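Residue-level structural notes
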Amino acid sequence: MAGRPDIPKHARPYRGFTRRLWAMIMKEFIQLRRDRLTLAMIVIIPFMELMLFGYAINMNPKHLPIAILSADNSDITRDFVASLKQTGYFDIRQEARTEKQADALIRSGRVLFVLQIPPGFGRDIRRGARPQILLVTDATDPVATGGAIAAVNGLAGRLFLRQLRGPHADLAGRPPPFELVVQKRYNPAAITAINIVPGLIGVILTMTMLIFTSLAVTRELERGTMESLLATPLRPSEIMLGKIAPYVLVGFVQMAIIMAAGRFLFGVPLTGSAGLLLTLTMIFIAANLSLGYTISTIARNQLQAVQMSFFFFLPSILMSGFMFPFQGMPAWARFIGEMLPLTHYLRIVRGIMLKGAEWPDLVQEGFALVAFMITVMVIAVLRFRQTLD
Amino acid sequence: MAQGAEEYVIDVEGLEKSFGSHKVVRGVTLRVKRGEIYGFLGPNGSGKTTTIRMLCGLLTPDGGTGHCLGYDIVRESRLIKLNVGYMTQHFSLYADLTVEENLEFVARVYGMPAPRELARRTVRRMGLAGREDQLAGELSGGWKQRLALSACILHEPKLLLLDEPTAGVDPKARREFWDSIHELAAEGITVLVSTHYMDEAERCHELAYIFNGRILARGPAKDIITTQHLKAWAVRGAPPVLADIAGRAREMPGVEIVTFLGDHLHICGPEGGALETTMRDLCSTESVRCEPAAATLEDSFIHLMNSGGGDGRAS
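Note that the structure is predicted; figures quoted are calculated from it, not measured.

Regarding the nonpolar core
The tendency in soluble globular proteins is for nonpolar side chains to be buried side by side. Ile 201 and Tyr 345 of chain A together with Ile 10, Leu 30, Leu 55 and Leu 161 of chain B are the most contacted members of the largest nonpolar core, which has 101 residues in total. Excluding anything up to four places from it in sequence, Tyr 345 of chain A contacts Ile 201, Gly 202, Leu 205, Met 255, Leu 277, Leu 280, Thr 281, Phe 284 and Leu 369 of chain A. Of all hydrophobic cores here, the second largest spans 47 residues; its members include Leu 162, Phe 177, Ala 185 and Leu 216 of chain B.

Some details on the interface of chain B and chain A
Between chain B and chain A, the residue contacts involve 19 residues of the former and 17 residues of the latter. Both faces considered, chain B and chain A share a buried interface measuring about 1700 Å² in area, 53% of it formed by carbon and sulfur atoms. Counting every contact that joins chain B to chain A gives 2 salt bridges. Across the salt bridge formed by Arg 223 of chain A and Asp 96 of chain B, the nearest N and O atoms sit 3.6 Å from each other. On inspection of chain B and its partner chain A, the count reaches 6 residue pairs in polar contact (both at pLDDT 80 or more). If you list the elements that add at least two residues to the side of chain B that touches chain A, you get α2 (77-83) and α3 (99-109) of chain B. When the residues that make up the side of chain B that touches chain A are grouped by side-chain class, the tally is 10 nonpolar, 4 polar and 5 charged.

Re α3 of chain B
Residue and element names in this part refer to chain B. In terms of residue burial, α3 counts as a mostly covered element, since 8 of its 11 residues are buried. Where α3 is concerned, the buried positions are Val 99, Glu 100, Asn 102, Leu 103, Glu 104, Val 106, Ala 107 and Val 109. Lining the buried residues of α3 we find α4 (115-125) and α5 (141-153). Remark: Gly 111 follows α3 within two positions and exhibits a positive phi of approximately 70°.

As for the sheet that holds strand β10 (residues 214-219) of chain B
Residue and element names in this part refer to chain B. With mixed pairing, the 6 strands of this open sheet are ordered in space as β6-β7-β8-β3-β9-β10. Whereas interior strands pair on both sides, the edge strands pair on one side only; in this sheet they are β6 (84-87) and β10. Direction aside, the axes of adjacent strands within the sheet are offset by 15° on average. The pairing of strand β3 (residues 37-41) with strand β9 (residues 206-211) spans 4 bridges and is classified as parallel.

Topic: the packing of α3 of chain B against α5 of chain B
Residue and element names in this part refer to chain B. Relative orientation of the contacting elements α3 and α5 amounts to 25°, with a least axis distance of 9 Å. As the angle between them shows, α3 and α5 are arranged roughly parallel. As for the relative orientation of α3 and α5, their crossing is right-handed in sense. Here α3 contributes Val 99, Asn 102, Leu 103 and Val 106 to the contact with α5, which in turn contributes Leu 147, Ser 150 and Ala 151. Its residues assigned to classes, the contact of α3 with α5 shows 5 nonpolar, 2 polar and no charged.

Comments concerning the domain arrangement of chain A
Residue and element names in this part refer to chain A. Each assigned domain of chain A is listed here: domain 1 (64-185) and domain 2 (192-383). Each of domain 1 and domain 2 has a C-alpha centre, and these two points are 39 Å apart. Counting residues at the interface gives 15 residues for domain 1, matched by 11 residues for domain 2. Summing both sides of the interface, domain 1 and domain 2 together bury roughly 1200 Å²; the carbon and sulfur share of this comes to 52%. Where domain 1 meets domain 2, there are 2 salt bridges. Between Asp 361 and Arg 107 there is a salt bridge, with its nearest N and O atoms 2.7 Å apart. Taken together, the links from domain 1 to domain 2 amount to 3 residue pairs in polar contact (both at pLDDT 80 or more). When residues of the side of domain 1 that touches domain 2 are traced back to their parent elements, those giving at least two are β1 (64-70), α4 (99-107) and α6 (142-158). In the side of domain 1 that touches domain 2, the residues fall into 7 nonpolar, 3 polar and 5 charged.

Some details on the domain arrangement of chain B
When the domains of chain B are assigned, the result is domain 1 (8-222) and domain 2 (231-294). Here the C-alpha centre of domain 2 of chain B lies 39 Å away from the C-alpha centre of domain 1 of chain B.

Some details on the side chain of Ser 300 of chain B
Residue and element names in this part refer to chain B. As for its position among the elements, Ser 300 is in helix α11 (residues 297-308). With a relative accessible area of 0%, Ser 300 lands in the buried category. Apart from the residues lying within four places of it in its own chain, the contact partners of Ser 300 are Ile 224, Ile 225, Gln 228 and Leu 230.

Criteria and cut-off values
Residues numbered from 1 in each chain as written. Chains lettered and ligands numbered in written order. Predicted model: local features only at pLDDT ≥ 70, side-chain atom pairs only at ≥ 80, totals over all residues. Heavy atoms only, no water. Core = buried A, V, L, I, M, F, W, Y, C linked by side-chain atoms within 4.5 Å. Buried < 20%, exposed > 50% of the residue type's maximum accessible area, 1.4 Å probe, protein only. Contact = heavy atoms within 4.5 Å. Buried area = accessible area lost by both parts, 1.4 Å probe. Salt bridge = Lys/Arg side-chain N within 4 Å of Asp/Glu carboxyl O. Polar contact = N/O pair within 3.5 Å; in protein donor to acceptor, adjacent residues only side chain to side chain. Helix = DSSP H or I, 4+ residues; strand = E, 2+ residues; numbered from the N terminus. Nonpolar A, V, L, I, M, F, W, Y, C, P; charged D, E, K, R; others polar. Pairing = 2+ DSSP bridges. Axes fitted to C-alpha atoms, helices over the stretch in contact; angles between N-to-C directions. Parallel < 35°, antiparallel > 145°, perpendicular 65-115°, else oblique. Left-handed = near helix turned anticlockwise from the far one by under 90°. Domains from an automatic or database assignment.

Structure follows, in structure tokens:
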């Protein structure tokens, strides 16, 4: 065309695709290398998930805490308890003295089973009277207890072969010398929703509270509005409380939605006290908000804030007992789990909604939440500066 | 009010600030009188913003002392914040709030009585009427800047600290902005304003030129020009010839600054004699006309930067 200068070779629109693509790829890698946090997450997250799913998470959990309420002290009873241990499914945590004590243990979630051995159990076995023993299970999480119940049933045929020799030999073998009565408490029909819905309150509160507040400060920093805020007479505590307060309300609205839907769609009850649940939820919300706020004082931008929240959220879901049985995890994973507020809140919310747990049952969990909240709040206030230094 | 407040609204001495090992402000002394419009000039990264932030208590100085409105800048920063209007370099109001909501928020934060009324009054006073329900993020540059100024003066401060308030604003809006500043100064408000624009610098009562964390010159614009004793020449001719001269003029004796000003080349230097000889040689060898011109404020600043930079003299 007349008057049109020659287009230089390198600028021809359909040439040099690979060169331009390469430029773009190089630029992305340089930026990725500078973004330490993203880089760390690329490496740490797969490792973390591998450790959790490989070692910590167990769908057929063993070493579950059990309390024995025994009214019989014969050799047969002692032998039975020992065999129970041998299955590997049970950790005998406590010898309960009274039925009331045993109930409290299971309600507070400290044990998942109570085994009641009736008076004269050994004598009745020898007489061939087929005595009953009662295994009370906490059925809120059907996955956790299923394997253990099967193991007790399996025991029956193989037991007492030593004691039942001689004149009693005909009692050994079929039918089993005792009758196992299993009483599934709190969720007898083993409906998964019953267990999931209260847990979901905890998970959703963790997610929203953490992400909303972790974005709160970084958003102001990123948009430059923090500078004007700091130039006003607002104090750091006022900024912090002002940022957090609206989300407390948001948290309760979310909770109300889940509880209402759980009740009308899945029939999840609220067995215990609503007042206690609200009070402890308040503490749980405050703990998460403080954590989110702390994150937002560390993160340099909104992306980092979301990454850090995610970093906390992931173990919270996997290690708190929300998705997989808490008792099934090895000791080190349980130790980490105990550090997470969600772990304690799950026990609280399941305890109150499903088991009718009361304050004395939940003291430990309540104090754990308070301790977490105070620690994180102190860090948040110390981290937040009134100046831009 | 504390001591010193009568004479100087800003009275600071030897301010210093480092970030890590980087010294940003190295001993800044400033005295600004009541009702004055004080221009704060200097290249990017020279320490203007850092100094302003120290004045309003957003940064704690590493060294130096001083008072703002009679309050100690380290110990009484909260009282300073109550009486200062600070306009940040970048727009720092909430983009997702409307004009009126932004103003009402600021009014509440400063504890002003009847915040909604005050916000509405300010909208009318600052000529924002008709835009009160528009989201601040959707305003154009000039309107954003006017909103930011409105938010600064809402709480009736006695001192305004404006950090490059007119960056990226069109000439008409700039002119109107400066009219507002002069009106505010006439009401007795003291204004410290940082800028890169020479025409704005010339609208200030006094100037301070900061470079590399030190103040290199201060005083009214005219005084700054005369004390530098710079001589300047205008060289006119055909554009290719001028472009050729511009390329090598800086190596000629007596020449320090070479810049195009519209149709001519502006050449400037501190040694009048040497420069004059160079100019005469140029006129005799090239087909250009040379005539003496007035040194500009910009010449003075570039000269100060060239000679006073690094570890040079601080005034």
